[in-house]
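Observations on the model geometry
Listed below are the residues making up each chain.
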Amino acid sequence: MTEMEKLRIAIQKSGRLSEKSMELITEAGIKLSNGNRKLIAPSYNFPVELLYLRDDDIPQSVEDGVADIGIVGLNEVEEKNKNVSIMEGLGFSKCRLSLAIPKSTDYQGLEFFNNKIIATSYPVILGRFLKEKNIKAEIHEISGSVEIAPGIGMADAIFDIVSSGSTLISNGLKEVEVVLKSEAVIISKKELSEDKTKILNELLFRFHAVQNAGKNKYILLNAPNDRLDEICGVLPGMKSPTIMSLAEKGWSSVHSVISEDDFWEVIGKLKERGAQGILVIPIEKMIV
Ligand code: PRT
Ligand code: ZN
């Protein structure tokens, strides 16, 4: 018998993306065998393993198939320009890539940048943008502290990540053009095996459920009467589940409240015990 393949997920080892990436994975019910950040951490309850990398290396690793999917900033994906599919945005680590100039400099429009020197760590995205807009500027690639370049006479402008804008302000700069809006995205290898596609679909299904979830959910399901006790046994509820007879003989409708923390576990147990037509509904107010 062949063991099911594992989907390998590359996430940032440590930095601005790592905490939220881990949170998403944990909330999707994925438990890791060794929490202590080895290079690769397999899960013992879902067919995935995590590969911890620097964010710069994630697009390449997914193109090569070293990882099957990755969670990384769109800015990094666009800059590295690898042959990967962008699946969807995850709504965290939002920022933008912008052009900024000294705050006292007059700015009338993009022509300003003709014959200017722009410092950046994102030469690919900037080069593409300038070409598209037909602006001829000189790009100076530097790897860190881009924001100090104008102040020390190294450049006339910068092209860098902006979030709150306070880094620009404290360096006497102003944002004049937003070139790319970024957030953490899921990227995937172009060709995934059938098994891995299935796992990815289940994973995406869970991520969506996480993103939509509140702390507690209202749950309704249909249960065969002869398994009602077993089914009610896995539903904690606020007091106890509500049970109503269905028109169809031998079946009941069960209503209860379950918490986010054991959501996946409970759903699995309910399915195992013959529950059908499971509906999960958000709760707007809960008065206890
Ligand atoms: O070590 P590794 O290579 O893995 O990490 P890294 O240092 O290259 O990246 P990291 O962890 O700093 O950022 C990872 C990703 O987070 C980026 O690629 C972006 O997609 C996203 N992100 C979101 C940000 C910011 N917000 C952000 N504010 N990345 C960087 N910044 C920096 C920016 O470079 C600038 O210096 O913060 C400063 C601007 O912030 P404000 O709030 O002052 O405007
Ligand atoms: Zn990096």
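This structure is a prediction, so every number in the text was calculated from the model and none was measured. (Residues numbered from 1 in each chain as written. Chains lettered and ligands numbered in written order. Predicted model: local features only at pLDDT ≥ 70, side-chain atom pairs only at ≥ 80, totals over all residues. Heavy atoms only, no water.)

**Quick word on the overall build of the chain**
Secondary structure assignment for the chain yields eight helices and 15 strands. Over its C-alpha atoms the chain spans a radius of gyration of 25 Å, topping by over 25% the 19 Å that the globule rule assigns to 288 residues. Viewed in the frame of its principal axes, the chain has a C-alpha envelope of about 80 × 50 × 35 Å. Burial status across the chain gives 42% buried among its 288 residues. (Helix = DSSP H or I, 4+ residues; strand = E, 2+ residues; numbered from the N terminus. Rg over C-alpha atoms; globule rule 2.2 N^0.38 Å. Buried < 20%, exposed > 50% of the residue type's maximum accessible area, 1.4 Å probe, protein only.)

**Digging into the domain arrangement of the chain**
Assigned domains within the chain: domain 1 (7-91 + 184-213), domain 2 (95-182) and domain 3 (216-282). With centres defined by C-alpha atoms, the gap from domain 2 to domain 3 works out at 56 Å. (Domains from an automatic or database assignment.)

**Some points on the environment of L192**
Structurally, L192 is set in the loop between β11 (184-188) and α6 (194-212). The spatial distance from the C-alpha of L192 to the C-alpha of R8 is 11 Å, given a sequence separation of 184 residues. Excluding anything up to four places from it in sequence, L192 contacts L7, D68, T197 and L200. (Contact = heavy atoms within 4.5 Å.)

**With respect to the coordination of the zinc ion (ligand 2)**
Around the zinc ion (ligand 2), the donor atoms from the protein are D55 (OD) and D56 (OD), and they sit 2.0 Å away. A relative accessible area of 18% means that D55 is categorised as buried. Its relative accessible area of 25% is what places D56 among the partly exposed residues. (Donors = N, O, S within 2.8 Å, 3.2 Å for Na, K, Ca; no water.)

**Notes on the side chain of N75**
Along the chain, N75 turns up in helix α3 (residues 74-80). Leave out the neighbours within four places in its chain, and N75 touches L97, Y122, I125, I161, L180 and S182.

**Thoughts on the nonpolar core**
Ranked by internal contacts, the top residues of the largest apolar core, which has 30 residues, are L99, F113, I118, F159 and I187. Examining the composition of this core, we find that four residues originate from one element, helix α4 (residues 123-132), more than from any other. There are two domains that each give this core at least three residues, and those are domain 1 (7-91 + 184-213) and domain 2 (95-182). Not counting residues within four places of it along the chain, the set of residues in contact with F113 comprises L99, I101, Y107, I118, I135, K136, A137, A157, V176 and E177. (Core = buried A, V, L, I, M, F, W, Y, C linked by side-chain atoms within 4.5 Å.)

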